[in-house]
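Examining the three-dimensional arrangement
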Amino acid sequence: MCDMHSIDLNTALTRFTDHWSPRIVAELNGQHVKIAKFAGAFDWHSHGDADEMFLVLQGSFTMEFRDHSVKLSEGQMLVVPRGVEHRPVADAECSVMLVEPAGLLNTGDSTETERSTSGQWLIEPLERAE
Ligand code: NI
């Protein structure tokens, strides 16, 4: 999917309500751009072969590491380096953009759980559905 049209993220965020279930909105250079809603605490995990980018679109959350935490607010981003254990925690629902290699599991190298997913394509095309 490499259509040359805009993707309205605010519209895309209205298309789903579940938490910790990323939706893929674009693909480039073997990376998926995903959007997700976070609420509560996710599972501790790491990705041995992939760095992972998080950009807050709405609200805020805290990325916990084993030795410190980083609070991220709207418009702020963070890259979690490969191999580093992390756990996102959101006191209130927030919306986040992720950029990571296509196929990457959100629960990383841990045992798979019912929350494990590499994301699903959002129903498209978003901009033509208006
Ligand atoms: Ni991760």
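Above this text you will find the structure in question.
In this report, the structure presented in the accompanying data block is examined. (Residues numbered from 1 in each chain as written. Predicted model: local features only at pLDDT ≥ 70, side-chain atom pairs only at ≥ 80, totals over all residues. Heavy atoms only, no water.)

**Topic: unusual backbone geometry**
One non-glycine residue, Trp-20, lies in positive phi territory at about 60°. Note on placement: Trp-20 falls in the loop between helix H1 (9-13) and strand E1 (23-28). Its identity is not glycine, yet Asn-29 carries a phi of approximately 50°, on the positive side. Taking relative accessible area as the criterion, Asn-29 reaches 76% and is therefore assigned exposed. (Helix = DSSP H or I, 4+ residues; strand = E, 2+ residues; numbered from the N terminus. Buried < 20%, exposed > 50% of the residue type's maximum accessible area, 1.4 Å probe, protein only.)

**A short note on the side chain of His-86**
Checked against the element boundaries, His-86 lands in the loop between strand E6 (77-80) and strand E7 (87-101). Take His-86: its relative accessible area is 1%, and that puts it in the buried class. A polar side-chain atom of His-86 sits 2.9 Å from a polar atom in the side chain of Glu-52. Among the polar contacts listed, one links the side chain of His-86 to the backbone oxygen of Val-84, at a separation of 2.9 Å. Sequence-distant contacts of His-86, defined by excluding residues within four places in its chain, comprise Asp-43, Trp-44, His-45, Ser-46, His-47, Glu-52, Met-63, Glu-64, Phe-65 and Val-80. (Polar contact = N/O pair within 3.5 Å; in protein donor to acceptor, adjacent residues only side chain to side chain. Contact = heavy atoms within 4.5 Å.)

**Some thoughts on the coordination of the nickel ion**
Only His-45 (NE2), His-47 (NE2), Glu-52 (OE) and His-86 (NE2) from the protein coordinate the nickel ion, and they sit 2.1 Å from it. The site at the nickel ion holds four donor atoms, and with the angles between them running 85 to 174°, its shape is irregular. Read in sequence order, the donor residues for the nickel ion give the motif H-x1-H-x4-E-x33-H. Assigned by exposure class, His-47 and Glu-52 land together as buried. (Donors = N, O, S within 2.8 Å, 3.2 Å for Na, K, Ca; no water. Tetrahedral: all angles 85-135°; square planar, octahedral: opposite > 155°, others 65-115°.)

**Description of the pairing of strand E5 (residues 69-73)**
Here strand E4 (residues 60-64) pairs with E5 via five bridges, running antiparallel. Considered in E5, the bridge of Ser-60 is made with Ser-73. Adjacent in sequence and paired antiparallel, E4 and E5 are bridged by four residues. (Pairing = 2+ DSSP bridges.)

**What about the side chain of Glu-52?**
Among the secondary structure elements, Glu-52 is positioned in strand E3 (residues 52-58). Within the structure, Glu-52 has its side chain in polar contact with the side chain of His-47 (distance 2.9 Å). If sequence neighbours within four positions are ignored, Glu-52 has contacts with His-45, His-47, Leu-78, Val-79, Val-80, His-86, Leu-98, Val-99, Glu-100 and Leu-104.

Just distances and angles here, no functional claims.
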